[in-house]
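A structural walkthrough
Chain by chain, the residues:
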Protein chains: 2
Amino acid sequence: MKIRVGIFGYGNLGRGIECALRQNPDMELVAVFTRRDPSTLSIGTPNVAVCHASEVEQYKNRIDVMILCGGSATDLPEQTPELAKNFCVVDSFDTHARIPEHIARVDAAAREGGKVAMISVGWDPGMFSLNRLYAGAVLPDGKDYTFWGKGVSQGHSDAIRRIEGVLDAKQYTIPVDAALEAVRSGVCPELTARQKHTRECFVVAAEGADLSRIEKEIKEMPNYFADYDTTVHFISAEELKRNHSGIPHGGFVIRTGKTGRSLEHNHVIEYSLKLDSNPEFTASVIVAYARATLRMHREGMVGCKTVFDVPPAYLSPKTRETLIKELL
Amino acid sequence: MKIRVGIFGYGNLGRGIECALRQNPDMELVAVFTRRDPSTLSIGTPNVAVCHASEVEQYKNRIDVMILCGGSATDLPEQTPELAKNFCVVDSFDTHARIPEHIARVDAAAREGGKVAMISVGWDPGMFSLNRLYAGAVLPDGKDYTFWGKGVSQGHSDAIRRIEGVLDAKQYTIPVDAALEAVRSGVCPELTARQKHTRECFVVAAEGADLSRIEKEIKEMPNYFADYDTTVHFISAEELKRNHSGIPHGGFVIRTGKTGRSLEHNHVIEYSLKLDSNPEFTASVIVAYARATLRMHREGMVGCKTVFDVPPAYLSPKTRETLIKELL
């Protein structure tokens, strides 16, 4: 019997989940839940219910794992605890600083319902977190670095769009090659934000807007741009659509560390991702963890879990014997 | 109370374990076991017992985890099941084709003794296996590739040394850059052994030996060299010692895969290692898994386990809360 999955929220991530489920024949999409009017939503899979979010409890016994596709700012802090009372859930909560309080709320709810709730799944937090953990456990005398990009930062793009006179914008975060090379060399450099990443902005301005004022406002924006070397390009709406409509991303987790009688040997562990579609890759990670979530629930576990708690074999549809034979 | 560790076998790997334990303050070395005369063995840690292998049972209640440092050909197939009856054990059994039968024997012994036995730990099998598993679970429509090197292959070096007229030799396995690039591009090439790796040999020949005959014997040696482009350099014993006495290694696990409504998006997951010392890095991985092995034992688990079965958090001495706060 297939794993019955629900999607809660149908934006870029929800559509990515829908695509990823088709690539995993042991899983099936049962229903999509939305806060919009369901009749206005056209989804990509035939014969799947599209329901209003308020109807979700009716699906309590028809869905094995609910995948939450809302945002971390306001959606998930409310939705994950609420849904974890009735469903095994997976979310991609990515506000690093607020993860501990999110865990506390989700854990209480999941225990109340006897469910497993897997939070902060994706690539960062997610696959990158795992690689920081593995590398740190293996090389205790060392230092790890995370670089992001080249890729589109939704938050930074939004910040530019809020500037007066800006019609649209895309911001790319780009790791600095020299910093990557310094890290790989094993010298364990101390790097400022500016030394690690540059920011490149493609901006569509309103006709007659003061371009130099817009550029200045971008470059001096605190937190977002002031601490980085930022380049601003003004382009047409057509060019933005033609060349910058994708959502690529990626990055690097690198740890260097030393071993030996006098710590004379250096080692470099590097994990990197190069992704054509950030939401679709995030969705692919989440779907694998949805499988693990259900398996942990069936083994009697309850409460809030993270990628750190999941035995890797639980992610795969293959049997333990096959995994050992083919991959170990 | 510290985790009490024993080392069974004191070659390159055993010495690596000894060094790694010093980098992990929650662990302590209790005893080294050898099949040689213990009085002939000088180890690097003061106040640690050096015992004959036959005395090992006397340490049954004084050692939490025994780390086996013998070879996969003849040592581990006997030693791991034997020791798993009395100790939680970790080994680095790396004969891929014989892992299933090794697991069966070790599992029976470990269950008999109520112990956990972790097998095939290191970087391949080990960290590379984990990366093949994670990447395959996340990107089901894709293909993975493992490249080894640049690094010293002990087996290939030994094979050259068995040729008449050869006094000493070191063989480097080198991944082919063009093959790496083709894989990263996402075209999923079919690659022969020759297309993936080249082999470079540094050979010290006996005075008056027939160099062209030695070179021919190396290059035509079935399984080891015949399927590869092989380069042979004859050098002096001094040069071999000066430039080729290290044991570096490393490699790459790369998976490319597709997602999207029409599988239109490509993704590249790459994990790489660049290691100054193969045995010391292997030892560092093993020591982290020794910690996990004991934790699984204390939670009541029994039997033979692999890296696929271990929740990542178990590898770290840090608390779950700290891991979540610092690394998730």
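The coordinates are above.
Let us look at the structure shown here. (Residues numbered from 1 in each chain as written. Chains lettered and ligands numbered in written order. Predicted model: local features only at pLDDT ≥ 70, side-chain atom pairs only at ≥ 80, totals over all residues. Heavy atoms only, no water.)

Here we come to the overall build of chain A. Along chain A, the regular secondary structure elements total eleven helices and 14 strands. Rg of the C-alpha trace for chain A: 22 Å, near the compact-globule value of 20 Å for 328 residues, within the 12% margin. Principal axes of the C-alpha set define a box for chain A whose edges measure 65 × 60 × 35 Å. In chain A, which comprises 328 residues, the share counted as buried stands at 57%. Within chain A, counting contacts between residues at least 6 apart in sequence, those at least 24 apart form 68% of the total. Split by element, the accessible area of chain A, about 13,600 Å² in all, is 48% carbon and sulfur. Charge separation in chain A, taken as the distance between the mean sites of 39 positive and 42 negative side-chain charges, equals 5 Å. (Helix = DSSP H or I, 4+ residues; strand = E, 2+ residues; numbered from the N terminus. Rg over C-alpha atoms; globule rule 2.2 N^0.38 Å. Buried < 20%, exposed > 50% of the residue type's maximum accessible area, 1.4 Å probe, protein only. Contact = heavy atoms within 4.5 Å. Areas by Shrake-Rupley, 256 points an atom, 1.4 Å probe, with all protein chains shown as cover. Lys, Arg positive; Asp, Glu negative; His and termini not counted. Charge placed at Lys NZ, Arg CZ, Asp CG, Glu CD.)

Interfaces are often sized by the amount of accessible area the parts lose when they come together. In this complex, chain A contributes 68 residues to the contact, which on the side of chain B involves 68 residues. Taken together, both faces of the contact between chain A and chain B bury some 5,800 Å²; the carbon and sulfur share is 61%. Where chain A meets chain B, there are four salt bridges. When the shortest N-O distance is used, the salt bridge between B:Asp309 and A:Arg320 registers 2.9 Å. When contributions to the side of chain A that touches chain B are tallied by element, the ones reaching two or more residues are α1 (12-22), α3 (99-113), α4 (127-138), β12 (249-259), β13 (265-275), α10 (278-298), β14 (303-305) and α11 (320-327) of chain A. Its residues assigned to classes, the side of chain A that touches chain B shows 35 nonpolar, 17 polar and 16 charged. (Buried area = accessible area lost by both parts, 1.4 Å probe. Salt bridge = Lys/Arg side-chain N within 4 Å of Asp/Glu carboxyl O. Nonpolar A, V, L, I, M, F, W, Y, C, P; charged D, E, K, R; others polar.)

The subject of this paragraph is the sheet that holds strand β8 (residues 151-152) of chain B. All names here are of chain B. As summarised here, the arrangement of the four strands in space is β8-β9-β10-β11, forming an open sheet in which the pairing is mixed. Edge strands, defined here as strands with exactly one partner in the open sheet, are β8 and β11 (229-234). Both strand β9 (residues 166-175) and strand β10 (residues 197-205) contribute to a ladder of nine bridges, which runs antiparallel. Bridge pairing in β10 links Ile174 to Thr198. Across the sheet, helix α5 (residues 154-161) lies against β8, β9 and β10, angled at about 145° from β9, the strand it touches most. (Pairing = 2+ DSSP bridges. Axes fitted to C-alpha atoms, helices over the stretch in contact; angles between N-to-C directions.)

You can overlay chain A on chain B at an RMSD of 0.0 Å; the transform is a turn of 180° with a shift of 0.0 Å along its axis. Put plainly, the chains are arranged around a two-fold axis. Same-surface contact between copies: 100% of interface residues of chain A are shared with the interface of chain B. (Least-squares fit on C-alpha atoms with pLDDT ≥ 70 in both.)

Time to look at the packing of helix α2 (residues 75-84) of chain A against α3(A). To characterise two packed helices, one gives the angle between the axes of the helices and the distance between these axes. Residue and element names in this part refer to chain A. Interhelical geometry of α2 versus α3 gives an angle of 20° and a closest axis separation of 7 Å. With respect to their mutual orientation, α2 and α3 come out roughly parallel. As α2 packs across α3, the resulting crossing turns out to be right-handed. Across the interface between the two elements, Leu76, Pro77, Glu78, Thr80, Pro81 and Ala84 from α2 touch His102, Arg105, Val106, Ala109 and Ala110 from α3. Of the residues that constitute the contact of α2 with α3, the class distribution is seven nonpolar, two polar and two charged. (Parallel < 35°, antiparallel > 145°, perpendicular 65-115°, else oblique. Left-handed = near helix turned anticlockwise from the far one by under 90°.)

Once that is clear, we can look at the sheet that holds strand β9 (residues 166-175) of chain A. Residues and elements named next belong to chain A. Spatially, the four strands line up as an open sheet ordered β8-β9-β10-β11, and their pairing is mixed. Bordering the open sheet on either side are β8 (151-152) and β11 (229-234), each of which pairs with just one other strand. This element, helix α5 (residues 154-161), spans β8, β9 and β10 (197-205) of the sheet and lies at about 145° to β9. Sitting on the sheet, helix α8 (residues 211-219) is in contact with β9, β10 and β11, with an inclination near 150° to β11.

Moving on to the packing of aromatic side chains. Residue and element names in this part refer to chain A. Tallying each qualifying case throughout the model produces eleven aromatic pairs over all chains. Ring geometry for Tyr172 against Phe202: centres 5.7 Å apart, planes inclined by 85°, an arrangement best described as edge-to-face. Here Tyr172, found in strand β9, pairs with Phe202, found in strand β10; they are 30 residues apart in sequence, far enough to count as distant. Classification of Tyr172 by relative accessible area gives buried; the value is 6%. (Phe/Tyr/Trp six-rings, centres within 6.5 Å; stacked < 30°, edge-to-face > 60°.)

Overall, the coordinates contain zero disulfides over all chains when judged by the stated rule. Between B:Cys188, a free cysteine, and A:Cys19, which holds the nearest cysteine sulfur, the sulfur-to-sulfur gap is 19 Å. (Disulfide = S-S within 2.5 Å.)

This brings us to the nonpolar core. A:Met66, A:Tyr289, A:Phe308, B:Met66, B:Tyr289 and B:Phe308 are the most contacted members of the largest nonpolar core, which has 164 residues in total. Apart from the residues lying within four places of it in its own chain, the contact partners of A:Phe308 are A:Ser129, A:Leu130, A:Leu133, B:Pro311, B:Pro312, B:Ala313, B:Leu323, B:Ile324, B:Leu327 and B:Leu328. (Core = buried A, V, L, I, M, F, W, Y, C linked by side-chain atoms within 4.5 Å.)

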